[in-house]
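# Commentary on secondary and tertiary structure
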Amino acid sequence: MKLILSLSISGSILFFLLFLMKPIIKYKFSKTLQYYIWIVVLLRLTIPFSFDGSIMNDVFNKNPFLTGPILQGGEAANFDIEIDPTHAITLPQANDAQAVESIRADNSEIFVITIIKQYAIYVWLIGTILSLFIKLRGYTRFLKYMKTASKPAYDWENRMLGMMLNGRYKAKLVRNSYITTPMLIGMIRPIIILPDTHFTEVQLKNILIHEITHLKRFDIVVKWFSMLVTSLHWFNPVVYFVEKEINRLCELSCDEVVIRKFTSSEKQEYGETLIAVASNEQYPVRGLQATFSDEKTILRERLVAIMRPSKRSTFIILSSFVLAAVVIFSAIALGASVGASNSNVRSSISPVEPPAIVISHERNTDPIENYTILKSSWNGVKYDRMSFYQAAWHSEPTLLTGLRRLKPGEKLKVDFGENTPDKVTVKMAFLTESFEQSLLPIEEVAVNHVNGKYAFINPPTAVSDIPTTGRVYSITATWGQNSCEYVFASDGKFDYEQFPE
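Residues numbered from 1 in each chain as written. Predicted model: local features only at pLDDT ≥ 70, side-chain atom pairs only at ≥ 80, totals over all residues. Heavy atoms only, no water.

### Brief notes about the sheet that holds strand S16 (residues 470-479)
Spatially, S9-S8-S17-S16-S12-S13 is the arrangement adopted by the six strands of the open sheet, whose pairing is antiparallel. Of all strands in the sheet, those bounded by a partner on one side alone are strand S9 (381-382) and strand S13 (443-445). One ladder, built from five bridges, connects strand S8 (residues 372-378) with strand S17 (residues 482-491); its direction is antiparallel. Pairing of serine 377 across the sheet is with serine 483, part of S17. (Pairing = 2+ DSSP bridges. Helix = DSSP H or I, 4+ residues; strand = E, 2+ residues; numbered from the N terminus.)

### Side note on unusual backbone geometry
Where the residue is not glycine, phi is negative for most of them; where a peptide bond is considered, it is trans in most cases. Of note in this structure, asparagine 166 is not a glycine but carries a positive phi near 55 degrees. Tracing the sequence through the fold places asparagine 166 in the loop between helix H5 (155-165) and strand S3 (172-176). On the basis of relative accessible area, asparagine 166 is assigned to the exposed category, the value being 58%. Positive phi is not limited to glycine here, since asparagine 379 has a value of about 50 degrees. Mapping asparagine 379 onto the fold places it in the loop between S8 and S9. A residue is classified by how much of its surface remains accessible, and asparagine 379, at 13% relative accessible area, is buried. (Buried < 20%, exposed > 50% of the residue type's maximum accessible area, 1.4 Å probe, protein only.)

### Overview of helix H11 (residues 314-334)
For H11, built from 21 residues, the straight-helix expectation of 30 Å at 1.5 Å per residue is met to within 8% by its first-to-last C-alpha distance of 30 Å. Looking only at H11, the buried set comprises Ile316, Ser319, Ser320, Leu323, Val327, Ser330, Ala331 and Leu334. For H11, the arc enclosing every buried residue in end-on projection is 115 degrees, short of the 170-degree limit, so these residues lie on one face. The exposed residues of H11 that point more than 90 degrees off its buried face are Thr314, Leu318, Phe321, Val322 and Phe329. Glycine 335 sits one or two positions beyond H11 and adopts a positive phi of about 65 degrees. (Expected span 1.5 Å × (residues − 1). Arc of directions from axis to C-beta.)

If you want it as structure tokens, here you go:
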């Protein structure tokens with residue numbers, strides 16, 4: 001669902017960009033250029049092409065509200081507030097009741113967001129299917145009426161069409177008493193449909209060249225594509241304005257191509273044909289067809305465009321290339337939500353509670369299961385607690401039994417599963433005779449991060465006369481504003497064997 005939303009927002013931003021520029025480009029730039037620029041908006045709404053650093057990819061994959069599953073493995077989260085004494089965690093003493101209430105409110109909000117994320121895809125899918133069904137049903141009913149009311153065109157009309165197609169394209173010509181404006185329908189077997197009324201030779205020539213231009217430019221394909229886009233993004237009102245603008249520019253740009261080599265008198269005849277057809281139109285025909293005369297509301301705009309001189313200055317031509325480049329670059333920069341690359345995984349997933357992790361080392365395949373979790377900041381609450389060194393000495397049940405003997409220089413690995421943090425740091429302290437703080441400096445340990453897995457090297461033995469009995473490790477993981485420490489200890493045999501008494 002994130003992909004659809006990101007495409008919809010990306011296309012909407014591009015729409016508003018073009019809408020703001022419309023007063024500038026409407027009369028100065030080629031209608032054909034404007035038509036194809038709006039097709040770029042359709043492509044941005046549908047094609048999930050994006051770079052890792054695109055705007056939408058960053059928004060949807062680095063925003064805690066929009067990222068990842070909040071509930072893992074389909075299990076229901078426990079929203080009761082429990083303070084586990086074994087973790088030596090205490091809430092802020094200033095206002096405990098307010099802090100607990102804040103957590104409950106946050107969890108309620110998370111629950112609502114989870115429900116929305118879980119069922120939004122089904123709502124979208126149902127809406128898309130209904131939208132496609134309604135549009136295709138209307139089109140099939142329209143074709144049914146066309147079939148019952150159609151009859152072959154006159155021989156002279158077919159001869160004129162054959163001469164204009166010149167064997168390069170194929171299209172059937174029929175007359176129909178149901179319609180009031182000429183139109184082109186069908187992608188595979190195109191049919192030009194004429195109203196069952198009298199046309200002069202000049203009028204028929206103008207009508208046919210207009211519909212053949214639609215055929216050559218694959219405008220029917222664009223109309224089908226536009227229909228699919230509006231069905232996919234039925235929930236976004238912007239797409240209906242995009243569809244309307246593309247239909248408008250489809251006719252204006254077609255006129256522009258048709259009259260490109262016309263003389264002034266031929267342009268006038270073309271405009272008169274347009275007026276004659278529009279005067280017989282009883283109601284606008286909308287759907288998956290290209291018409292000669294669309295809504296009367298744009299008739300004046302089409303006539304003005306037909307009679308306006310078509311030559312443009314060098315500045316306007318260069319500006320057209322700049323405009324096209326700006327729109328294409330904007331579409332690429334906006335992008336879509338395609339997720340983070342494997343080379344730089346940043347998940348920003350914020351689990352409801354600190355997730356379980358798997359700690360392993362080179363000489364033993366069994367994971368180290370005796371660890372505790374100390375929350376530092378979680379769901380907006382900062383925790384006043386003891387240090388990881390103090391937690392090792394004072395934890396109940398104790399962390400200092402059943403310890404592994406980890407050799408200095410041995411590699412340890414940490415796996416967070418699906419809950420890859422934004423940041424992981426590791427510290428190590430030697431256990432000394434002091435219960436409050438190590439008598440030796442705490443060491444910062446370098447962490448290697450590859451494909452969502454973390455690894456670090458067990459530091460070397462301390463060069464000191466201070467006796468040590470073991471080591472305690474702190475793995476600090478951060479998801480957005482949430483942070484906690486995973487604390488575990490190891491036997492100190494390799495340390496005191498190197499420096500015997």
